[in-house]
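# Structural overview for review
Letter by letter, the chains look like this.
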Amino acid sequence: MTDIKIEEKWQRKWQESNIFQSDPNNKKKIFVTVAYPYPSGAMHIGHGRTYTVPDVYARFKRMQGYNVLFPMAWHVTGAPVVGIAKRIKRHDPWTMDIYKNIHKVPEEEIEKFTDPNYIVEYFSSEYHDVMTRMGYTIDWRREFKTLDPHYQKFIEWQFRKLKSKGLVRIGEHPVKYCPECENPVGDHDLLEGEGVGINELTLVKFELEGEYLVAATFRPETLFAATNLWLNPESEYIKVKVGNETWVMAEKAYDNIFNQKKDISIDSVINAKNLIGKHVKNPLTGAEHIILPAPFVDPEYGTGVVYSVPGHAPADLIALIDLKKDEKELEKYNIMDEVQSIQAIGMIKLEGYGEIPADDMIKKFNVKNQNDPNLKEATNEIYKLEHAKGVMDKNMGEYQGLKVVDARDNIIKLLLDTKKGDILFEFAERPVICRCGTKCVVKILDDQWFLKYSDEHWKEITYQCLEGMNIIPGEVRANFKYYIGWLQDWACSRRIGLGTLLPWNKDWLIEPLSDSTIYMAYYTIAKYMKDIDPEDLNDQFFDEIFLDLKSDSENPYNISPELTQEMKDEFNYWYPLDWRLSAKDLVGNHLSFHIFHHAAIFPRDKWPGGIVVFGMGLLEGNKMSSSKGNIVMLEDAIETYGSDVIRLFLMSSAEPWQDFDWRENEVKGISKRLDWFFEFSDRVEKMYGSSICLEDHETVPQVTKPINKWMIAQVNMRIKEATEALEGFQTRKALQDSFFLFKKDIDHFFYRIEHESEDENAMREIADVMVYVLGIWIRLMVPFVPHGCEELWEKHCGSGLVSTTEWPKYNIELIDEKVQKGEEIVHGLSQDINEIKKVISIKPEKIHVYVAPEWKWKLFDIANKIGKPDIGKIMQEAIKQNVHDNKKEIAEFAKKIGREMTKIKYIGKIDEYSTLNNSIEFLSGEADAQVIIYDKPTYDPQGKSRNAMPYKPAIYIE
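Rules of the game
Residues numbered from 1 in each chain as written. Predicted model: local features only at pLDDT ≥ 70, side-chain atom pairs only at ≥ 80, totals over all residues. Heavy atoms only, no water. Helix = DSSP H or I, 4+ residues; strand = E, 2+ residues; numbered from the N terminus. Buried < 20%, exposed > 50% of the residue type's maximum accessible area, 1.4 Å probe, protein only. Contact = heavy atoms within 4.5 Å. Lys, Arg positive; Asp, Glu negative; His and termini not counted. Charge placed at Lys NZ, Arg CZ, Asp CG, Glu CD. Pairing = 2+ DSSP bridges. Axes fitted to C-alpha atoms, helices over the stretch in contact; angles between N-to-C directions. Salt bridge = Lys/Arg side-chain N within 4 Å of Asp/Glu carboxyl O. Expected span 1.5 Å × (residues − 1). Bend = angle between axes of the 7 residues up to and from the residue. Arc of directions from axis to C-beta. Polar contact = N/O pair within 3.5 Å; in protein donor to acceptor, adjacent residues only side chain to side chain. Core = buried A, V, L, I, M, F, W, Y, C linked by side-chain atoms within 4.5 Å. Right-handed = clockwise from strand over helix to strand, strands pointing away. Phe/Tyr/Trp six-rings, centres within 6.5 Å; stacked < 30°, edge-to-face > 60°. Lys NZ or Arg CZ within 6 Å of the ring centre and 35° of its normal. Left-handed = near helix turned anticlockwise from the far one by under 90°. Nonpolar A, V, L, I, M, F, W, Y, C, P; charged D, E, K, R; others polar.

## Concerning the overall build of the chain
For the chain, the count of helices and strands is 33 helices and 32 strands. Projected onto the principal axes, the alpha-carbon positions of the chain cover approximately 110 × 80 × 55 Å. Scored against the burial criterion, the 958 residues of the chain give a buried share of 57%. Counting contacts in the chain only where the partners sit at least 6 residues apart, residues at least 24 apart contribute 76% of the total. Here the chain carries 121 positive and 152 negative side-chain charges, and the mean point of each set is 4 Å from the other.

As structure tokens, then:
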């Protein structure tokens, strides 16, 4: 592994030389950004992967001659650090443990964490240090925090611009909400429940003695097939006053519904057991339904009241079947006879299924009982099918013949219009927990500000923006299209937290995802902000810089025209943004918002160029989680292995968009391989016989030996493959070619030249090849292990810093397929000889090798042109060309070709005789016998030469 002191040495040199400070010049530019971090805790190994990918790409493009900008900032908007500060203030044991033992914050520092701003300062400083230790090529002059007053002016401009376009509105909307923080929450505010959506359910009022048991459902159209209600008798239920009505629901469901209904309060507690066996009235059909016990009902989801449709809900059907078998439970509530008489009702026609589709589905998925894991799959399957293809059956009155989806809409409207139903919003999954530790609810905010992602024109130009972008991996483009269409109005303001105040309503803060959509543009001018008073930044200033809109005012802002023009030129040089990198779980919000906002605010020539999405991080096969302690801190990993080892492992374990798994044993394995790479230069120097100066070996050496030509061909092929992979952010594939397969090539080369050690002239040519290889290999590895490569470059008197040298270029003419095929033949022949030796168990004296005669090559050429193993056509053309006098031999060989052509990659005739003769020392040494190569079978006592084929010589051992 790289020595920590060596890494620190090169980090200092990079900083002192300012080589990663990027200003406009006459070069082509690359502007790459990655999601700026929220510094509420120490960097872990998952962050290491996130920020190493763009750094590898930035280093690669810089070596290709591009002017590369890779900036960094700190996203401190929102409530998470506020929640952390509150928990620290009350010395919450779990929080104190996390920050002391996981994030390793000293005791004296934790005491200062009652101030959220101090938390931000502490961890952003730590992030900066760790990123530097990782060797990231960041232009730190552009660093900022989202609380900086200059940045807040930029955000105010963005929101006034959106509001002027009619893309911001005030209204009512369901949001994820933390009752403790008294604030809407986004995914970055959560400990658990990231990515969980909000579903709209219909509340159905079943009357019981002047009161209502209120059941929540996705499928109100199934009311016609209801048979009973389910309550959980082990849970607490309450009576709730909602206006002038009394509703019965589970106590644990109250907090969620309380935040959505006005004029609501708890009236009294009710024992659910006393309700079992009673009957309620169906609001649509007027039928009486019995209330039955169901321990499976989740009292926290919906209302804790569920109506049962066993004809169309597999869960209800299997629960009813199980209850009918439970005599003890039936006798306990005296409901035996009535439960046994309940029959499932079918009301939706579904092609291919019987009258009771739920029964068919239970059989299809072989569901045994309520705890069967297949039950969920059976439920999802029938719901999807009935939603997509179901039709309301006869006896459904006015709904008969309607598609299920249409009937559902009509029935919801009926229930709401007649006050027999209501609407409830609920999380798609639970739990959803705020970073302050509180369970979240869905709250209806009626004076909330929203970004109108529902606006059809806005969606249309966003689609157009997406159309012009590169998306990696390509299959994620469909996800973007889906989310752009799916997104509705987004609550963009909060009451509590850190951030920028909504410019036209100072009671609200702009929420974190909404203030992080176009900040990439701000990077281009951030380095100028330290010399500007934020009060001098107004809308006219940002309009001129970013939109080239001149103000009518004589002095619209107090900034010199020269400085304004310099910032404007800087923005126009770097924009549009070339690449945006972020996690795949942000496709549905942050990354889609990024496209929406650029499309709305900037002209088309400034729309972003591309997005790369990241997979998630695992630790020894389990999901990483700071809150659960299942994490490896990046600084700890650096101390143990060094940055280069970490970078190499993270880039080689998976492609960026795939999930990666940090496994300690594999990291140790990578460390050993890297040691081999660093030691390789000593081996080459020893072979060379004196100190190596890489500057003297930049050109391709002139060689005569086929094995040396093969090595040069492999080097150029590896350059080509690695370059193409990095262009597409395929870091794993790039490393396969530039490191793992490259090492395999070198291992093979060393194995092949063992028999050359006594030949001084041969070894001189080999040494020249190896020095050439060393210079190429160091430069290929710079993006991945920059510290070690700088050390090797300096050691072998490379010019300047290797980080600023030219990326190796491949010569397509040197990637000689015939040279590569020749080495394949030599290696294959050596293996064949050794296999025969094992079989005969006799030490041979001589090994006779016969290459294929000219006519067999001609026959292969004919077969290759025909394109498929058509023996008749091959024969016909061979006879026409008179390739061989013996038609019987032609026929026999044509049959062989039919078998062999599908196994080999045929690239045409090569001079096998010369190739094998040039490798005679190797072949003889490997065989431990004299090897004789024949171009014509002048000695062939057993007629073995007739077996010779192109690429596969025949062998006779004596």
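## Considering the sheet that holds strand E28 (residues 622–623)
With mixed pairing, the three strands of this open sheet are ordered in space as E28-E27-E29. The two strands at the open ends of the sheet, each matched to only one other strand, are E28 and strand E29 (660–662). One ladder, built from three bridges, connects strand E27 (residues 617–619) with E29; its direction is parallel. Counterpart to Gly-617 in the pairing with E29 is Phe-660.

## Re the sheet that holds strand E26 (residues 610–614)
Ordered in space as E2-E1-E25-E26-E20, the five strands form an open sheet in which the pairing is parallel. A single partner strand is all that each edge strand has here, and the edge strands are strand E2 (67–69) and strand E20 (470–472). Pairs of neighbouring strands in the sheet enclose a mean axial angle of 15 degrees, with direction left out of account. As paired elements, strand E25 (residues 579–583) and E26 share four bridges and run parallel to each other. Within E26, the position partnered with Ala-583 by the bridge is Phe-614. Together, strand E1 (29–34) and E25 form the strand contacts of helix H17 (residues 519–526), whose direction differs from that of E1 by roughly 120 degrees.

## Details of the pattern of salt bridges
Using the criterion set out here, one finds 60 salt bridges in the structure. Across the pair Asp-139 and Arg-141 runs a salt bridge, and its minimum N-O distance is 2.8 Å. On the accessibility criterion, Asp-139 (0% relative accessible area) is buried. Taking relative accessible area as the criterion, Arg-141 reaches 28% and is therefore assigned partly exposed. With a closest N to O distance of 3.5 Å, Lys-838 and Glu-835 form a salt bridge. With a gap of three residues between them, Lys-838 and Glu-835 both fall in helix H28 (residues 817–840), about one helical turn apart.

## Topic: helix H23 (residues 664–688)
Taking 1.5 Å of rise per residue, the 25 residues of H23 would be expected to cover 36 Å, and the 37 Å separating its terminal C-alpha atoms lies within 8% of that figure. At Glu-679, H23 shows its maximal bend, which comes to roughly 30 degrees. Three or more residues of H23 are buried, namely Val-667, Ile-670, Ser-671, Leu-674, Phe-677, Phe-678, Phe-680, Ser-681, Val-684 and Tyr-688. Of the surrounding elements, those touching the buried residues of H23 are helix H21 (634–641), helix H22 (643–653), E29, helix H25 (731–753), helix H26 (760–781) and helix H27 (786–795). Looking at the residues trailing H23, positive phi occurs at Gly-689, about 90 degrees.

## Observations regarding helix H1 (residues 4–17)
With 14 residues, H1 extends 20 Å between its outermost C-alpha atoms, agreeing within 8% with the 20 Å of an ideal straight helix rising 1.5 Å per residue. Taken residue by residue, H1 has Glu-7, Trp-10, Gln-11 and Trp-14 as its buried positions. The buried residues of H1 occupy one face: seen down the axis, they fall within an arc of 105 degrees. Exposed and oriented more than 90 degrees from the buried face of H1 are Lys-5 and Glu-16. At the N-terminal boundary of H1, the capping side chain belongs to Asp-3, with an oxygen 2.7 Å from the backbone nitrogen of Lys-5. Directly beyond the C-terminal end of H1, a positive phi value near 55 degrees is found at Asn-18.

## Points about the nonpolar core
Core analysis: the largest hydrophobic core is formed by 188 residues, its most contacted members being Phe-546 and Trp-662. No other element matches the 14 residues that H26 contributes to this core. Those residues in contact with Trp-662, other than ones at most four positions away along the chain, are Ile-45, Leu-618, Leu-619, Glu-620, Met-624, Val-632, Ala-637, Tyr-641, Ile-646, Phe-649, Leu-650 and Val-667. Core analysis: the second largest hydrophobic core is formed by 45 residues, Leu-208, Val-339, Ala-407 and Leu-415 among them.

## A closer look at the pairing of E25
Burial analysis of E25 places four of its five residues in the buried class, the great majority of the element. Taken together, E25, helix H20 (residues 587–601) and E26 constitute a β-α-β crossover, and its handedness is right-handed.

## Quick notes on the packing of aromatic side chains
In total, this model carries 72 aromatic pairs according to the counting rule given. Taken together, a centroid distance of 5.1 Å and an interplanar angle of 75 degrees make the contact between Tyr-482 and Tyr-483 edge-to-face. The partly exposed category is assigned to Tyr-482, whose relative accessible area is 49%. When the centroid spacing of 5.6 Å and the interplanar angle of 70 degrees are considered together, the rings of Trp-857 and Tyr-951 count as edge-to-face. Residue Trp-857 is located in helix H29 (residues 854–866), and its partner Tyr-951 is located in the loop between strand E31 (930–934) and strand E32 (954–957); the two are separated by 94 residues in the primary sequence. A cation over an aromatic ring shows up here: Arg-495 above the ring of Trp-508, its NZ or CZ 3.8 Å from the ring centre. Lying over the aromatic face of Trp-857, Lys-909 brings its terminal NZ or CZ to 5.7 Å of the ring centre.

## Quick notes on the packing of H25 against H28
Taken N-terminus to C-terminus, the directions of H25 and H28 make an angle of 65 degrees; their axes are 13 Å apart at the nearest point. Relative to H28, the crossing made by H25 is left-handed. Residues His-748, Tyr-751 and Arg-752 of H25 lie in contact with H28, whose contacting residues are Glu-823, Val-826, His-827 and Ser-830. Of the residues contributing to the contact of H25 with H28, the split by class is two nonpolar, three polar and two charged.

## Regarding the environment of Lys-846
Along the polypeptide, Lys-846 turns up in strand E30 (residues 846–850). A relative accessible area of 34% places Lys-846 in the partly exposed class. Sequence-wise, Lys-846 and Asp-928 are 82 residues apart; in three dimensions their C-alpha atoms are separated by 9.3 Å. Filtering out sequence-adjacent residues up to four positions away, Lys-846 remains in contact with Gln-930, Ile-932, Tyr-956, Ile-957 and Glu-958.

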